[in-house]
Amino acid sequence: MPPAVQPIRVLVLGASLRRDSLNQRLAALAAEVVREKGSTADLANVGDFDVPFYDQDVESESGLPPGAQAFCKRVKESDAFMIASPEYNASIPGVLKNLIDWVSRSRPQPFNGKQGFLMSASPAMGGGNRGLWSLRVPLEHLGARVYPDMFSLAQAHDAFAANGRIANDLLQKRFDDTIGCFMDLVEAAKHYPGLKKQWVEFLGERPTAETDRVETSETAAA
Ligand SMILES: Cc1cc2nc3c(=O)[nH]c(=O)nc-3n(C[C@H](O)[C@H](O)[C@H](O)COP(=O)(O)O)c2cc1C
């Protein structure tokens, strides 16, 4: 008999603090699509994880603040993550980068080996896509498997229907199908975890105790 299929759990994060955030709407829609496909979505907002500016002195004295610990826990409890992030000045919003920096200090490092999907929404024609290329960099540095396709909703102030879905049916279908492809990959990664994985933060540097940050399959799975 084939093994019972466990539902996939996906953390879906909106990365804008703004009350009427377009990106939070996109995150909510992504969570709905994940649920429609039979999986579990854990919808969150970056404001749920209130942390001070990263300061290594604060970390040395007090460890990770509660907001960072809570976010680490939510990432670790998930098989994958999705982030809908605004583009600020063609790059990543500071509040999101700050949270990633805090999380990167946790061991085992939660992003290592996680499948990730990036989205953005902007009133501009580019949909905030340039910001996602910036967001990809720290996440890939931390060992996340960031999906090649990224969904950037252009003219987002005009793109949603009253029911929260994308007004253009074909665009909504592309959104659904892309998330479906991502979920297939997450499922494959969850059920076939036999691949050896390692994360060496500064691969190619002469190994020293001071700079080495290494995780292998065994420690990453903890
Ligand atoms: C500081 C700042 C910088 C911005 N830079 C960009 C940008 O580079 N590209 C872009 O498409 N939109 C830019 N915008 C507009 C945002 O895309 C727009 O405010 C969007 O609604 C923010 O996302 P949210 O609705 O989820 O809060 C910027 C907005 C702010 C406040």
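Before reading on, note that the structure itself is shown above.
Thresholds applied
- Residues numbered from 1 in each chain as written.
- Predicted model: local features only at pLDDT ≥ 70, side-chain atom pairs only at ≥ 80, totals over all residues.
- Heavy atoms only, no water.
- Helix = DSSP H or I, 4+ residues; strand = E, 2+ residues; numbered from the N terminus.
- Rg over C-alpha atoms; globule rule 2.2 N^0.38 Å.
- Buried < 20%, exposed > 50% of the residue type's maximum accessible area, 1.4 Å probe, protein only.
- Contact = heavy atoms within 4.5 Å.
- Areas by Shrake-Rupley, 256 points an atom, 1.4 Å probe, with all protein chains shown as cover.
- Lys, Arg positive; Asp, Glu negative; His and termini not counted.
- Charge placed at Lys NZ, Arg CZ, Asp CG, Glu CD.
- Near = heavy atom within 4 Å.
- Polar contact = N/O pair within 3.5 Å; in protein donor to acceptor, adjacent residues only side chain to side chain.
- Salt bridge = Lys/Arg side-chain N within 4 Å of Asp/Glu carboxyl O.
- Pairing = 2+ DSSP bridges.
- Right-handed = clockwise from strand over helix to strand, strands pointing away.

Participant: Outline the overall build of the protein, listing residues and values.
Facilitator: From N to C terminus, the protein includes 7 helices and 8 strands. Relative to the 2.2 N^0.38 estimate, which gives 17 Å for 222 residues, the radius of gyration of the protein is 18 Å and therefore close to what a compact globule would have. Each of the three principal axes of the protein carries a C-alpha extent, and together these read 55 × 50 × 30 Å. Across the 222 residues that make up the protein, the buried fraction comes to 45%. Residue pairs in contact within the protein that sit at least 24 positions apart in sequence constitute 77% of those at least 6 positions apart. Accessible surface for the protein amounts to roughly 11900 Å². Of this, 53% is attributable to carbon and sulfur atoms. Averaging the positions of the 24 positive and the 28 negative side-chain charges in the protein gives two centres separated by 3 Å.

Participant: Break down unusual backbone geometry for me, with residues and values.
Facilitator: Of note, the bond from Arg107 into Pro108 is cis; its omega dihedral lies within 30 degrees of zero at -5 degrees. Mapped onto the elements, Pro108 comes out in the loop between helix H4 (94–103) and strand E4 (115–121). Look at Asn89: it is not a glycine, yet its phi comes out positive at around 50 degrees. Mapped onto the fold, Asn89 is located in the loop between strand E3 (80–84) and H4. On the basis of relative accessibility, which here comes to 80%, the residue Asn89 falls in the exposed class. Its identity is not glycine, yet Gln155 carries a phi of approximately 45 degrees, on the positive side.

Participant: Please give an account of the site of the ligand that cites residues and values.
Facilitator: Lining the immediate environment of the ligand, one finds 14 residues, of which Ser16, Ser21, Asn23, Glu87 and Ser122 sit closest. Ser122 is positioned such that a nitrogen or oxygen atom in its side chain is 2.7 Å from an oxygen atom of the ligand.

Participant: Explain the pattern of salt bridges to me, using residue names and the numbers behind them.
Facilitator: Going through the model one piece at a time under the given rule, you end up with 12 salt bridges. Of the charged contacts, one joins Arg165 and Glu36 as a salt bridge, the two residues approaching to 3.1 Å between their closest N and O atoms. Here the residue Arg165 occupies a position in the loop between strand E6 (151–153) and helix H6 (169–191), and Glu36 occupies one in helix H1 (residues 22–36), the gap between them amounting to 129 residues. In this structure, a network of salt bridges that share partners links the residues Arg9, Asp42 and Arg74.

Participant: Account for H4, naming residues and giving values.
Facilitator: Burial in H4 covers these residues: Leu96, Asn98, Leu99, Ile100, Trp102 and Val103. Considering only its buried residues, H4 is in contact with strand E1 (9–14), helix H2 (56–62), helix H3 (66–76), E3 and helix H5 (129–141).

Participant: Can you break down the pairing of E3 residue by residue, with the values?
Facilitator: Of all 5 residues in E3, 5 are buried; the element is thus mostly enclosed. Residues Ala80, Met82 and Ala84 point to one face of E3 and Phe81 and Ile83 to the other, with burial holding for every one of them. With 5 bridges connecting them, E1 and E3 associate as parallel partners. When the sheet's bridge partners are listed, Val12 is paired in E3 with Met82. When E3 meets E4, the two strands line up parallel, connected through 5 bridges. Along E4, the bridge assignment pairs Ile83 with Leu118. For the segment spanning E3, H4 and E4, crossover handedness is right-handed.

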